[in-house]
Amino acid sequence: MRVIAGEAKGRTLVVPRGGGTRSATDRIRETLFAIVEPELEGARVLDLFAGAGTLGIEALSRGAARATFVERGAEAVKALRRNLATTNFDARSEVVAANVIAYLDSRPRGRFDIVFCDPPFADVGIAEATLGHDGLRSAVAQSGLVVARAHGKHLPALPSFLHVARVKEIGEEKLLFVRYIGPTAGG
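Note that the structure is a prediction, hence the values are computed from the model and not measured.

Caption draft 1: Focus on the nonpolar core. Counting 32 residues, the largest nonpolar core has Leu32, Phe33, Val36, Val45, Phe69, Phe116 and Val147 as its most contacted members. Elements represented by at least two residues in this core include exactly helix H1 (26-36), helix H2 (54-61), strand S2 (66-71), helix H3 (74-87), strand S4 (112-117), strand S5 (140-151) and strand S7 (173-180). Sorting elements by how many residues they give to this core places H1 first, with five residues. Those residues in contact with Val147, other than ones at most four positions away along the chain, are Leu32, Val36, Val115, Phe116, Cys117, Leu175, Leu176 and Phe177. If you look at the next biggest cluster of nonpolar residues, it comprises 22 residues, including Tyr103, Leu104, Phe161 and Leu162.

Caption draft 2: Local environment of the sheet that holds S4. With mixed pairing, the seven strands of this open sheet are ordered in space as S3-S2-S1-S4-S5-S7-S6. Looking at which strands have only one partner, the edges of the open sheet turn out to be strand S3 (93-97) and strand S6 (162-170). Direction aside, the axes of adjacent strands within the sheet are offset by 15° on average. Relative to S4, strand S1 (residues 44-48) is paired through four bridges, and the arrangement is parallel. What sits directly across from Asp47, in S4, is Phe116.

Caption draft 3: Expanded view of the side chain of Glu71. With respect to the element layout, Glu71 can be found in strand S2. The buried charged residue Glu71 lacks any salt bridge, with Arg72 as its nearest oppositely charged partner at 5.8 Å. A polar contact is formed between the side chain of Glu71 and the backbone nitrogen of Gly51, at a distance of 2.7 Å. Once residues lying within four places of it in the same chain are set aside, the contact partners of Glu71 are Phe49, Ala50, Gly51, Ala76, Val77, Val96, Ala97 and Ala98.

Caption draft 4: Representation of unusual backbone geometry. With a phi angle near 65°, Asn88 is a residue other than glycine that sits in the positive phi range. Structurally, the position occupied by Asn88 is in the loop between H3 and S3. For Arg107, which is not a glycine, the phi torsion comes out positive at approximately 55°.

Caption draft 5: View of the environment of Leu48. With respect to the element layout, Leu48 can be found in strand S1. On a C-alpha basis, the gap between Leu48 and Thr130 in space is 9.1 Å, while along the polypeptide they are 82 residues apart. Not counting residues within four places of it along the chain, the set of residues in contact with Leu48 comprises Val70, Val100, Tyr103, Val115, Phe116, Cys117, Asp118, Thr130 and Leu136.

Caption draft 6: Broad picture of the pattern of salt bridges. A full pass over the atoms with the stated rule returns ten salt bridges. Glu58 is the salt-bridge partner of Arg29, the closest N and O atoms lying 3.2 Å from each other. Highlighted residues: Arg29 in helix H1 and Glu58 in helix H2, separated in sequence by 29 residues. Neither Arg29 nor Glu58 differs from the other in exposure class; each is buried.

Caption draft 7: Just helix H5 (residues 124-131), in detail. What H5 keeps buried is the set Val124, Ala127, Thr130 and Leu131. Buried residues in H5, looked at end-on, bunch into an arc of 130°, giving them a common side.

Caption draft 8: Quick look at the pairing of S1. Counting buried residues along S1, four of its five residues qualify, which places the element largely inside the surrounding structure. Direction of pairing for S1 relative to S2: parallel, over a ladder of five bridges. Bridge pairing links Leu48 to Val70 in S2. For the crossover that starts at S1, traverses H2 and ends in the parallel S2, the hand is right-handed.

Caption draft 9: Molecular detail of the packing of aromatic side chains. In total, this model carries two aromatic pairs according to the counting rule given. Its guanidinium or amino end placed over the ring of Phe112, Arg44 lies 5.0 Å from that ring's centre, counting from NZ or CZ. One cation-aromatic arrangement involves Arg137 over Phe161; the distance from NZ or CZ to the ring centre is 3.9 Å.

What counts, and where the lines are drawn
Residues numbered from 1 in each chain as written. Predicted model: local features only at pLDDT ≥ 70, side-chain atom pairs only at ≥ 80, totals over all residues. Heavy atoms only, no water. Core = buried A, V, L, I, M, F, W, Y, C linked by side-chain atoms within 4.5 Å. Buried < 20%, exposed > 50% of the residue type's maximum accessible area, 1.4 Å probe, protein only. Helix = DSSP H or I, 4+ residues; strand = E, 2+ residues; numbered from the N terminus. Contact = heavy atoms within 4.5 Å. Pairing = 2+ DSSP bridges. Axes fitted to C-alpha atoms, helices over the stretch in contact; angles between N-to-C directions. Lys, Arg positive; Asp, Glu negative; His and termini not counted. Salt bridge = Lys/Arg side-chain N within 4 Å of Asp/Glu carboxyl O. Polar contact = N/O pair within 3.5 Å; in protein donor to acceptor, adjacent residues only side chain to side chain. Arc of directions from axis to C-beta. Right-handed = clockwise from strand over helix to strand, strands pointing away. Phe/Tyr/Trp six-rings, centres within 6.5 Å; stacked < 30°, edge-to-face > 60°. Lys NZ or Arg CZ within 6 Å of the ring centre and 35° of its normal.

Here it is in structure tokens:
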């Protein structure tokens, strides 16, 4: 797996041993970043269920200012740290080795302009809990974008305070581009 475009284009990324994560394919990343590219320059990115960090690293390579990666798997965190070193993005990154819900319960500080939410496809409950979590809602900037990756057979139910701006179908997968609505978004 390689970084597709930008500053670290062509750099090889490692994936964790054991198959416990599912990295976004080149096709998924190309499609996703073609859509979010206009919002990337200088953005603060949150990569939830980060795995080896392919989405957050691609965002950094394409102009995001900073990225926070949240991943609980020990092998995935090792691969993620190695990938950040390989791409020279360590100084612009924070790695949080934690369960995503526990991280959101801690009320992350700062405002994120773009959030990638890529939980295990079959665990629809964790996707719903994450997208509906008050900690995430308060951490997303007022006009921030959340991109959720899901399997077409396992789509999460979205809370009423999320607006679906766009859905992109790629094979059996769907990318949901959503924004929080209402007075408490981003604040």
